[in-house]
Amino acid sequence: MSLRFLVLLSGLGLVACAGGDAESSTDTMASSAGFTTPGTTSTGEGSSTTDDTTSTSTTTSESTSTSETSTTTEACPAGGEGCECLEGDACDPGLECVDGTCNVDAGTDSDTDTDTDMSTGADPFCGDGIAVPDELCFSPAVTLGMGSGPAAVLAEDIDGDALADVVCANSQSNNLTTRVYKGSNTFGSLSALIAETTPSDLVAVEVNGDANIDVIAANRGAGTVSLFAGSGDGKFIAGVSIPVGGQPRGLLAAKVDGDDFVDLLVANAADNTVGLLLGDGVGFGAMTPFGVGTTPVDIGIGDFNGDTNLDIIVANAGSSSLSMLLGNGQGGFGAATAVPAGGAPSAIAVGDVNGDDKLDLAVSVPSMDSAMVLLGAGFGMFSPGVPFSTGVGPTDITLSDMTGDGSLDIVTSNAGDNTVTVLRGTGVGAFMVAEPIAVGMSPAALAVGDFNGDDVPDLATADGAASTVTVLISDP
């Protein structure tokens, strides 16, 4: 049987589901609230005592009188539990006519306890094919050989079948490698694309208007980005090299200047700048730099001040800060405003984690083994960061609803303990205890996508020390 992982938080109960012929639940907290475990009724083997005393009545009359024996019983109310019924008869509420008797409806829970949170009535176990809110299930990890020194990974549909495929940037072999998803948790053969020196980040976007996904790589050692135009069948044409700043580390694609062409933002670690390359529908123009903090490594984007223009937020590893640059909607950005990060950040994610329609930030801080959450206050301001423990040495971070409950969860890749961790969001800006899942050695980056088309998020990690990508496919 396949090994399955389930971490299901139901009320205060945390249930782990491991593979085998039967699914087992393990209490790790006070109780498994929300579950009804069938009780085993032990029926005693007590025997009824039979009175051995026999009372004999002797009748001397020779006249034999045949008497009709009449047994009188209390009438059974029509439709009552245990009473006779005919098919189609109406039984009392909560009962149904089964085998000629009104009995408890199998679909009715006779337990009147209303504390259960299993409102869907669905089977809450991994592998049953039913995605239940608060369920976190993955099939056994799939390990894919990719290239030397994986530094970044994408989970994107590159062959047009609406299912995610794997694209990996390999910083030591100076190439990009791809594997397309083939179904049944399997992937196709390895294909390689020649990049420039030390590709360290990737972004997938449709650049040239042909409806095919293109891939852009940041080449840290070369001070360039490489644009690989996709053909829509999983293949790409040779990369076009575009100069940017020194040691480009982070990439982000968005439309920032009001036209319909995708633009490119690059975090240049050696220059302490973010570069903007405006798109023209074919490629990108020359880079315009904007000053930020020391050693920028990642970029987030959103409307942080409510003026409907996109702003950018940059994670600066060297100055342990974030830099916010407000956009004017025409491709320009104001001077950077420093926001404390609480430590040297490795990555940043943007989303509304508390449901107030204001964008919040989640920042991975390796030195603290934590994700710092900064709640947006509007007008370009954020509350002080609150740390939530992750795995050891988080390298990358994303916000995604992994459990289907409508609230964003934090996901981090952790190089120090070879895990990804999921921190369930409460919907009010707080997060539950991190739940670790083992992946390959020293994961440097992670991606979220849907490989098997079940509309439940899957994960992939670039395992920097193992030359592999680990894929975790959902198994609700």
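Residues numbered from 1 in each chain as written. Predicted model: local features only at pLDDT ≥ 70, side-chain atom pairs only at ≥ 80, totals over all residues. Heavy atoms only, no water.

## Some words on the overall build of the protein chain
- Of the regular secondary structure elements, the protein chain holds 0 helices and 37 strands.
- Counting all 476 residues of the protein chain, 46% fall into the buried class.
- Pairs at least 24 residues apart make up 41% of the contacts formed inside the protein chain by residues separated by at least 6 positions.
- Per element, the accessible surface of the protein chain, about 22300 Å² overall, is 51% carbon and sulfur. (Helix = DSSP H or I, 4+ residues; strand = E, 2+ residues; numbered from the N terminus. Buried < 20%, exposed > 50% of the residue type's maximum accessible area, 1.4 Å probe, protein only. Contact = heavy atoms within 4.5 Å. Areas by Shrake-Rupley, 256 points an atom, 1.4 Å probe, with all protein chains shown as cover.)

## A few points about the sheet that holds strand 27 (residues 370-374)
- Spatially, 4 strands are ordered 25-26-27-30 in an open sheet, and the strand pairing comes out antiparallel. For this open sheet the edge positions go to strand 25 (347-351) and strand 30 (386-389), each flanked by a neighbour on one side alone. Between one strand and the next, the sheet's axes are offset by a mean angle of 25°, whatever the strand orientation.
- Relative to strand 27, strand 26 (residues 360-365) is paired through 5 bridges, and the arrangement is antiparallel. Among the inter-strand pairings, Val363 is bridged to a residue of strand 27, identified as Met372. (Pairing = 2+ DSSP bridges. Axes fitted to C-alpha atoms, helices over the stretch in contact; angles between N-to-C directions.)

## Side note on the state of the cysteines
- What the rule picks out here adds up to 1 disulfide.
- At a sulfur-sulfur separation of 2.4 Å, the disulfide partner of Cys126 is Cys137. Across the disulfide from Cys126 to Cys137, rotation about the S-S bond amounts to roughly -90°, and the bridge is consequently left-handed. Within this pair, whereas Cys126 is found in the loop between strand 4 (101-104) and strand 5 (137-138), its partner Cys137 is found in strand 5, the two being separated by 11 residues in sequence.
- Overall, Cys137 belongs to the buried group, its relative accessible area being 5%. (Disulfide = S-S within 2.5 Å.)

## Re the sheet that holds strand 22 (residues 311-316)
- Pairing is antiparallel across the open sheet formed by 4 strands, whose spatial order is 21-22-23-24. Two strands in the sheet have a free side with no partner beyond their single neighbour: strand 21 (296-302) and strand 24 (337-340). Going from strand to strand, the sheet's axes swing by 25° on average, the running direction of each strand aside.
- In this structure, strand 23 (residues 321-325) lies alongside strand 24, joined through 4 bridges in antiparallel fashion.

## Observations concerning the confidence of the model for the protein chain
- Residues at a pLDDT of 70 or more form 79% of the protein chain, whose mean pLDDT is 83.
- Contacts of residues 1-74 to residues separated by more than four positions or lying in other chains number 89 contacts, the stretch itself having pLDDT below 50.
- Segment residues 107-123 is flagged for pLDDT under 50; beyond a separation of four residues in sequence, or across chains, it makes 19 contacts in the model. (pLDDT = per-residue confidence, 0-100.)

## Digging into the layout of surface pockets
- Put simply, the largest pocket is a space of about 1100 Å³.
- Along its surface, the largest pocket is lined by 41 residues, and Asp201, Leu202, Asp298, Asp396 and Leu446 are the ones closest to its centre.
- Every element with two or more residues in the lining of the largest pocket is listed here: strand 7 (150-156), strand 13 (199-205), strand 17 (248-254), strand 21, strand 25, strand 31 (394-400) and strand 35 (443-449). (1 Å grid on protein atoms, 1.4 Å probe; cavity = no way out; pocket = protein on both sides within 12 Å on 5 of 7 lines; lining within 4 Å. Points joined across faces, edges and corners; volume = space filled by probe spheres on them.)

## A closer look at the nonpolar core
- Counting 18 residues, the largest nonpolar core has Leu144, Val153, Val166, Phe187, Phe451, Val469 and Val471 as its most contacted members.
- Those elements giving two or more residues to this core turn out to be strand 6 (142-145), strand 7, strand 8 (165-170), strand 35, strand 36 (458-463) and strand 37 (468-472).
- In this view, Val166 contacts Leu144, Met146, Val153, Leu154, Thr177, Thr178, Arg179, Phe187, Phe451, Val469 and Val471; residues no more than four positions away in its chain are not counted. (Core = buried A, V, L, I, M, F, W, Y, C linked by side-chain atoms within 4.5 Å.)

## With respect to the packing of aromatic side chains
- This structure, assessed with the given rule, holds 6 aromatic pairs.
- The interplanar angle of 75° and the centroid separation of 5.6 Å between the aromatic rings of Phe187 and Phe451 together place this pair among those described as edge-to-face. Note that Phe187 is positioned in strand 11 (residues 186-187) and Phe451 in the loop between strand 35 and strand 36, a separation of 264 residues in sequence.
- Residue Phe187 is classed as buried on the basis of its relative accessible area of 14%.
- Three or more aromatic residues link up through ring pairs in this structure, and these residues are Tyr181, Phe187 and Phe451. (Phe/Tyr/Trp six-rings, centres within 6.5 Å; stacked < 30°, edge-to-face > 60°.)

## Remarks on unusual backbone geometry
- The backbone of Asn272 shows a phi angle near 55°, a positive value even though the residue is not glycine.
- Along the polypeptide, Asn272 turns up in the loop between strand 18 (263-268) and strand 19 (273-279).
- Given a relative accessible area of 28%, Asn272 falls into the partly exposed group.
- Positive phi is not limited to glycine here, since Phe379 has a value of about 60°.
- Relative to the assigned elements, Phe379 resides in the loop between strand 28 (376-378) and strand 29 (381-382).

## A short note on the environment of Asp369
- Counting through the fold element by element, Asp369 comes out in the loop between strand 26 and strand 27.
- Exposure remark for Asp369: the relative accessible area of 29% places this residue in the partly exposed category.
- It is 8.5 Å that separates the C-alpha atoms of Asp369 and Phe388, two residues lying 19 residues apart in sequence.
- At a separation of 2.8 Å, a polar atom in the side chain of Asp369 contacts the main-chain amide nitrogen of Gly393. (Polar contact = N/O pair within 3.5 Å; in protein donor to acceptor, adjacent residues only side chain to side chain.)

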